[in-house]
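Listed here are the chains, written in short residue letters.
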There are 4 protein chains.
Amino acid sequence: MNTWGNKLKLSIFGESHGPAVGIVIDGLPPGGPLDMDAVQAEMRRRAPGRDDTATARREGDMVEILSGLHDGRTTGAPLCAIVRNHDVRSGDYDAKLRPGHADWTALLKYKGFADRRGGGHFSGRLTAPLVFAGALAGQFLSRQGVRIKARMVRVGQTEDPDLMRGEILAAKADGDSVGGIVEAVATGVPGGLGDPFFASLESVAASLLFSIPAVKGVEFGDGFALAAMRGSQANDELCVEDVVDVEGEPHVEGSVEGGRIRARTNHNGGILGGITNGEPVVVRVAIKPTPSIARPQRSVDASTMGEVEITIKGRHDPCIVPRAVPVVEAALALSLLDCCLMAGVGAGPEAGPEAGACL
Amino acid sequence: MNTWGNKLKLSIFGESHGPAVGIVIDGLPPGGPLDMDAVQAEMRRRAPGRDDTATARREGDMVEILSGLHDGRTTGAPLCAIVRNHDVRSGDYDAKLRPGHADWTALLKYKGFADRRGGGHFSGRLTAPLVFAGALAGQFLSRQGVRIKARMVRVGQTEDPDLMRGEILAAKADGDSVGGIVEAVATGVPGGLGDPFFASLESVAASLLFSIPAVKGVEFGDGFALAAMRGSQANDELCVEDVVDVEGEPHVEGSVEGGRIRARTNHNGGILGGITNGEPVVVRVAIKPTPSIARPQRSVDASTMGEVEITIKGRHDPCIVPRAVPVVEAALALSLLDCCLMAGVGAGPEAGPEAGACL
Amino acid sequence: MNTWGNKLKLSIFGESHGPAVGIVIDGLPPGGPLDMDAVQAEMRRRAPGRDDTATARREGDMVEILSGLHDGRTTGAPLCAIVRNHDVRSGDYDAKLRPGHADWTALLKYKGFADRRGGGHFSGRLTAPLVFAGALAGQFLSRQGVRIKARMVRVGQTEDPDLMRGEILAAKADGDSVGGIVEAVATGVPGGLGDPFFASLESVAASLLFSIPAVKGVEFGDGFALAAMRGSQANDELCVEDVVDVEGEPHVEGSVEGGRIRARTNHNGGILGGITNGEPVVVRVAIKPTPSIARPQRSVDASTMGEVEITIKGRHDPCIVPRAVPVVEAALALSLLDCCLMAGVGAGPEAGPEAGACL
Amino acid sequence: MNTWGNKLKLSIFGESHGPAVGIVIDGLPPGGPLDMDAVQAEMRRRAPGRDDTATARREGDMVEILSGLHDGRTTGAPLCAIVRNHDVRSGDYDAKLRPGHADWTALLKYKGFADRRGGGHFSGRLTAPLVFAGALAGQFLSRQGVRIKARMVRVGQTEDPDLMRGEILAAKADGDSVGGIVEAVATGVPGGLGDPFFASLESVAASLLFSIPAVKGVEFGDGFALAAMRGSQANDELCVEDVVDVEGEPHVEGSVEGGRIRARTNHNGGILGGITNGEPVVVRVAIKPTPSIARPQRSVDASTMGEVEITIKGRHDPCIVPRAVPVVEAALALSLLDCCLMAGVGAGPEAGPEAGACL
């Protein structure tokens, strides 16, 4: 089912070489001003064709909004946005199954009826509408004081930012590709978001993060490293932080006169029992190497059921990790906004000039 | 929202020290025979009080089925099962926030109205109904040829099964606790399960796995290790396997006369593009150390907002990883059954003597 | 799927002659005090065995709450309530299909595996947990100023309340049964509840009302009578009503200093475009005659596929309309509460003594 | 929430005077051939501007499919279709609240941020994508032998088809409008569709039918007339019908050698206990008179909160009942297809030339 979310509902559609990719976003509060320049800047972070570490396919990724926006603000009705596909060369693909791709599983599921061109509905191009939705969600969240920032913490064998570009170009020179890890941090997150059990913030965010093509691992806080720890190391001890109520600033949620509970460390990544505690939410996402590589691989031709050697030509990213950074930010933003709306945070319509008259 | 699933719907309820914990399972095909002895055996694997590596709390964890079962078979109507709570000592808990627990976030979310006794709705005891549901799902899956088996692959500093018990007892002796990693493998999984994007098998399974208290990381196939690989290492090359049609055996899905596509390796853990390829599904789950430790910890008393030292008495597991093994199996079984039902695999009513008469 | 609702989720279970019927209610705000005496009074309105117009089956219908309630208040965690079945005489049922009942369709759907005893999961007894949930919802709504009241407006051939009892007893004397219409009115409903299109209040309420066994029609406002009207008759003209702000009373939503928009008539039943306008919500529900009648009927024996004559013995209501009155109230209450929670009305936790301390 | 359906998911979007209206349809089986000429013929039945009983607004209502279709067949991925808005005259609307319209409730809900032009998201124009989706669903259903046909059974004061046009023109001449009733019948419906309780076919269909603007009543079978009946009249007695197995024809579901259960009458409209019995599904829908009338009406100006007289100019239908006929067909088709897919009927991919090779 390609619908996601509880109070914020996403419905995504499109194929790599079809007319367009797009998304319907339902549940946005009315009255939210949309800064389209900032949105397009996010789109460009994800878009292909920026430099020699990415695919040469060039798409402006210009967003067209079909509904739900009026006079530059959300109306509260479903917002549909599409991105047209332009620079399409379908001739690059044939019937041989590309290892590491969904060609094989698409065949199992769709029995030969899938639109295989460019990966079809499985293409990373579907992340373009997700980045749009995330940018929009981020603007709602920033008005609540929430900021989200992701970065690469690993590319292949290196964790040093200065060496990552070299790692990618070396793989490219070898006709190969390389994976990596993206870490996202959200600050200013209200406490009390998420639910115990099935709608834990971890469940909500992971379900969206694992939707991103090539993601094979998700961890919160210290994640897998916690498995090697003792409780005395992993527990975040608590303290009381002085809170100074500044005139004109919103009162900090969860605080009382003179004090607010804080964690002394953040091994749990801002989430306890599935619910935010107000500390930064920290998530890391493992991204596998781009399956499309120039080297010859052993595969199967599904039309003849014969074993074949396949050499993928086309235009491909030697590493999609840099382009995945805004996608991970988007997924975290959408997860947090859904949980905010479920908790009633920022759910009310934003103030506007017209609202004053009779309401 | 404490409802999970697409065609198989779970609704879980209960508190650690309330009358009962339980689950409603909707969407089960009619006619499935239920082996209650096998179910109770699974319940015992999770139940507390088995040996000195676990909490001394003793619960028979006897399941009472209230609906949806008739003459030992599922009826197709919702099945509700409950487990009564018996051995309850509520005096063990007071108002100080226990580090690493959900006491703090429950306060933020429920504003003082949560049933805090024994962790309330956040308690690991809620995994008892999950194990029941998983055992039931496993029986449906096994009739489709699917087998699920989990095991500990790490406890604290060791990956050696022979040393794990020692690792736990050492932590216990120190008044401390220790985490670990559980790996689950499902074999015989039909190809074509799951959807691209929001309902990828990874999304579905992760949303349920992250519901389990203490889970902080989930990875499929080689997971985070893929981030350090090249595409030429991570891609699973394909081949054609001879298939011998044996009289009386079901035809293997995805095969044709004389051949069936197989992967030569399984770095992707049986999932490509969110959809199963018929290879074993492999998932690993990071479990943090039990937050309840005997050592004194710095914390906050929420009623006075004063900083305090807390020493947790009660009865607690120095390591919940052994008891988490059947819980992880359950979550994977439920995820696979939901995807099977969505795909129409095993969705039809099973054959039965009464069915023959007029249908 | 036996799950209903958007932010308020219901999951219902049970069979007429199984151990119990029950419901899980998820999404209730924490801190709501539950008046169990009032709840049981509602249960008794629906319960069988009250007088000679209803079935002689006697059930105390005592509710046992298994979770989600602590110290007499909702905790915010899922609330599960069950009603045990006691006075069960399964011998009353055999294999012949009873006309007007679900015996036939249960066979088509569940292939002989349904628990047929007493109508099984199709029994009107499933409305007992619904009435419980509705009574609970009604208590939340009444704290928002919403009141719901239903009454019979037709029984068989009469619309005169004084003659309804006679109509029922006449049918009973003939070994027959009779249908009727229940009208429910909700006052004090906040404006702005519901959504355009798929989650219109009419869609939400109708989906729940049509869940009630024997309901075959639902109309809002003037309903089917609107089909015969002109627009000039059906439109509700608007006016401005003076609003006096009384000290200590909540400000009326949708009002400004000195005025509040009102409808001069209420042909639309308080709903325009699927959304409440603050006028009373009016709904009418058609209930078919009880299918169980003493008269012989022509039917089929499913085990032999032979045509047979069937005479239903058992204990049955000659008219279920009186007992349906609290069920219709319950369904409307649950629909309104779900829409309130979606709109953020009454969603916040209610104030409590413990809440004051640190939040 | 503007998402509908269980296994077939609809997400609708658009405003009357925005760039486009559209729908995302998820869950369609792959391989279904789409007859676009037949779809456009359905679109024209709903489209405005056909004759003098309808609004003069002219829209080609040409459907553009953005995804989910390849080589004329569904791919199994989400299908998004849009209809551009062309003939838009936004100057026709001002700030006065039109009685009977959603202007008032949109203001209550969206606090002045709704796109009010032409009714915005509340416009009947949103039924265009619904008709598209219904036409597509109808083509899937027809391959299962299901046929759906709706007709007007009342317009204002007349039930005589020959007099309906006169009734509409008389209302138009008076500057007024008129309502009506549409009846839809589905034949060839498989038995066993729908669920007891919350997902009864009646609940599923009513939730969609009440989404259609102007619908105020829904009844199945004899509906409200059943309320006046005795059980002996309302019950549909059963018989056994001879079934002749014709070579090459599909075996009739629910039949055995030499016989198939049938109802002698159809007062229950093909549905018992929420589940289809194989008899024709019959539903009637009450449609209120178009609220836009040329006559002066008393209303309120929301910007000044003053009472005003309003005379609606614009272009409007004196009766939308004729245009509602294909919309009601669409809603019934979508409801039945969702229930078919849930029941596994027609859920498998349709056979195709490419499928043969390796699967």
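Residues numbered from 1 in each chain as written. Chains lettered and ligands numbered in written order. Predicted model: local features only at pLDDT ≥ 70, side-chain atom pairs only at ≥ 80, totals over all residues. Heavy atoms only, no water.

Q: Give a detailed account of the overall build of chain A, specifying residues and quantitative values.
A: Along its length, chain A carries 8 helices and 18 strands. Looking at chain A residue by residue over its 359 residues, the buried ones come to 66%. Once local pairs closer than 6 in sequence are excluded, the contacts in chain A between residues at least 24 apart make up 72%. Of the roughly 11,600 Å² of accessible surface on chain A, a fraction of 50% belongs to carbon and sulfur atoms. (Helix = DSSP H or I, 4+ residues; strand = E, 2+ residues; numbered from the N terminus. Buried < 20%, exposed > 50% of the residue type's maximum accessible area, 1.4 Å probe, protein only. Contact = heavy atoms within 4.5 Å. Areas by Shrake-Rupley, 256 points an atom, 1.4 Å probe, with all protein chains shown as cover.)

Q: Could you give an account of the environment of B:Pro318, naming the residues involved and the relevant values?
A: Take B:Pro318: it is sitting in the loop between strand E18 (306–310) and helix H7 (321–343). Expressed as a C-alpha distance, the spacing of B:Pro318 and B:Lys111, which sit 207 residues apart in the sequence, is 30 Å.

Q: Tell me what's going on with the relation of the copies chain C and chain D, and back it up with residues and numbers.
A: With an RMSD of 0.0 Å, chain C superimposes on chain D once it is rotated by 180 degrees and translated 0.0 Å along the axis. In short, the pair behaves as if placed about a two-fold rotation axis. In this assembly the copies share their binding face: 99% of the residues contributing to the interface of chain C also contribute to that of chain D. (Least-squares fit on C-alpha atoms with pLDDT ≥ 70 in both.)

Q: Any chance you could break down the interface of chain C and chain D for me, citing the residues and the numbers?
A: Tallying the contact residues gives 111 residues for chain C and 110 residues for chain D. Overall, the association of chain C and chain D removes approximately 8,800 Å² of surface from exposure, summing both partners, and the carbon and sulfur fraction of that is 63%. Applying the counting rule to chain C against chain D returns 10 salt bridges. For D:Glu237, the salt bridge identified is with C:Arg298, shortest N-O distance 2.9 Å. Here chain C and chain D share 51 residue pairs in polar contact (both at pLDDT 80 or more) between them. A per-element tally of the side of chain C that touches chain D places strand E10 (residues 215–220) of chain C first, with 6 residues. Per-class residue counts for the side of chain C that touches chain D are 54 nonpolar, 35 polar and 22 charged. Across 3 bridges, E10(C) lies against strand E10 (residues 215–220) of chain D in antiparallel orientation. (Buried area = accessible area lost by both parts, 1.4 Å probe. Salt bridge = Lys/Arg side-chain N within 4 Å of Asp/Glu carboxyl O. Polar contact = N/O pair within 3.5 Å; in protein donor to acceptor, adjacent residues only side chain to side chain. Nonpolar A, V, L, I, M, F, W, Y, C, P; charged D, E, K, R; others polar. Pairing = 2+ DSSP bridges.)

Q: Explain the pattern of salt bridges residue by residue, including any values.
A: Residues and elements named next belong to chain A. Applying the stated criterion across every chain, the model contains 88 salt bridges over all chains. The salt bridge partner of Asp 103 is Arg 116, with a shortest N-O separation of 3.2 Å. Of the two residues, Asp 103 sits in helix H2 (residues 103–110) while Arg 116 sits in the loop between H2 and helix H3 (127–142), which places them 13 residues apart along the sequence. Exposure remark for Asp 103: the relative accessible area of 6% places this residue in the buried category. Arg 116 gets classed as partly exposed once you look at its relative accessible area, which sits at 27%.

Q: Any chance you could break down helix H4 (residues 161–173) of chain A for me, citing the residues and the numbers?
A: Residues and elements named next belong to chain A. For H4, the complete set of buried residues consists of Met 164, Glu 167, Ile 168 and Ala 171. In an axial view of H4, the angular spread of the buried residues amounts to 95 degrees, which keeps them on one side of the axis. The exposed residues of H4 that point more than 90 degrees off its buried face are Asp 162 and Ala 173. Buried residues belonging to H4 abut strand E8 (147–155) and helix H7 (321–343). With a side-chain oxygen lying 2.7 Å from the backbone nitrogen of Asp 162, the N-terminal cap of H4 falls on Asp 160. Trailing H4 by a residue or two, Gly 175 shows a phi angle of about 65 degrees, which is positive. (Arc of directions from axis to C-beta.)

Q: An account of the packing of helix H5 (residues 201–209) of chain C against helix H7 (residues 321–343) of chain C is needed here, citing residue identities and associated values.
A: Residues and elements named next belong to chain C. Axis separation between H5 and H7 bottoms out at 9 Å; the angle between their running directions is 140 degrees. Between H5 and H7, the angle falls in the class oblique. For H5 against H7, the interelement crossing comes out right-handed. Residue-level contacts link Leu 201, Val 204, Ala 205, Leu 208 and Leu 209 of H5 to Val 328, Ala 331, Leu 334, Ser 335, Leu 336 and Cys 339 of H7. (Axes fitted to C-alpha atoms, helices over the stretch in contact; angles between N-to-C directions. Parallel < 35°, antiparallel > 145°, perpendicular 65-115°, else oblique. Left-handed = near helix turned anticlockwise from the far one by under 90°.)

Q: Give me the packing of aromatic side chains: which residues, what numbers.
A: Each pair of aromatic rings is reported with the distance of its centres and the angle of its planes. Tallying each qualifying case throughout the model produces 14 aromatic pairs over all chains. Summarising the aromatic geometry, the rings of B:Tyr110 and B:Phe122 are spaced 6.3 Å apart at their centres and angled 65 degrees between planes, so their arrangement reads as edge-to-face. Note that B:Tyr110 is positioned in helix H2 (residues 103–110) and B:Phe122 in the loop between H2 and helix H3 (127–142), a separation of 12 residues in sequence. One exposure class covers both B:Tyr110 and B:Phe122, and it is buried. Geometry around A:Phe140 places A:Arg143 over its ring, the cationic atom sitting 4.8 Å from the centre. (Phe/Tyr/Trp six-rings, centres within 6.5 Å; stacked < 30°, edge-to-face > 60°. Lys NZ or Arg CZ within 6 Å of the ring centre and 35° of its normal.)

Q: Go over the nonpolar core with me, naming the residues and quoting the values.
A: Core analysis: the largest hydrophobic core is formed by 152 residues, its most contacted members being C:Phe132 and D:Phe132. In this view, C:Phe132 contacts C:Ile23, C:Ile25, C:Met36, C:Val39, C:Met43, C:Val63, C:Ile65, C:Leu79 and C:Ala81; residues no more than four positions away in its chain are not counted. Of all hydrophobic cores here, the second largest spans 151 residues; its members include A:Val155, A:Val283, B:Val21 and B:Ile271. (Core = buried A, V, L, I, M, F, W, Y, C linked by side-chain atoms within 4.5 Å.)

Q: Help me get a handle on the sheet that holds strand E7 (residues 79–84) of chain D, residues and values and all.
A: Backbone hydrogen bonds are what pair the strands of a sheet, in a parallel or an antiparallel way. All names here are of chain D. Strands sit in the order E1-E2-E3-E7-E4 across an open sheet of 5 strands; the sheet is antiparallel. Each having just a single partner strand, strand E1 (3–4) and strand E4 (63–65) make up the two edges of the open sheet. Across 6 bridges, the pairing between strand E3 (residues 20–26) and E7 is antiparallel. Note on E7: the bridge partner recorded for Gly 22 is Ile 82.

Q: I'd like a rundown of the sheet that holds strand E4 (residues 63–65) of chain C, residues and numbers included.
A: Residues and elements named next belong to chain C. In space, the 5 strands of this open sheet follow the order E1-E2-E3-E7-E4, with antiparallel pairing throughout. The sheet is open, and its two edges are formed by strand E1 (3–4) and E4, each paired on a single side. Two strands pair when backbone bridges link them, and strand E2 (residues 9–14) and strand E3 (residues 20–26) are joined in this way by 6 bridges, in the antiparallel orientation. Counterpart to Gly 14 in the pairing with E3 is Val 21.

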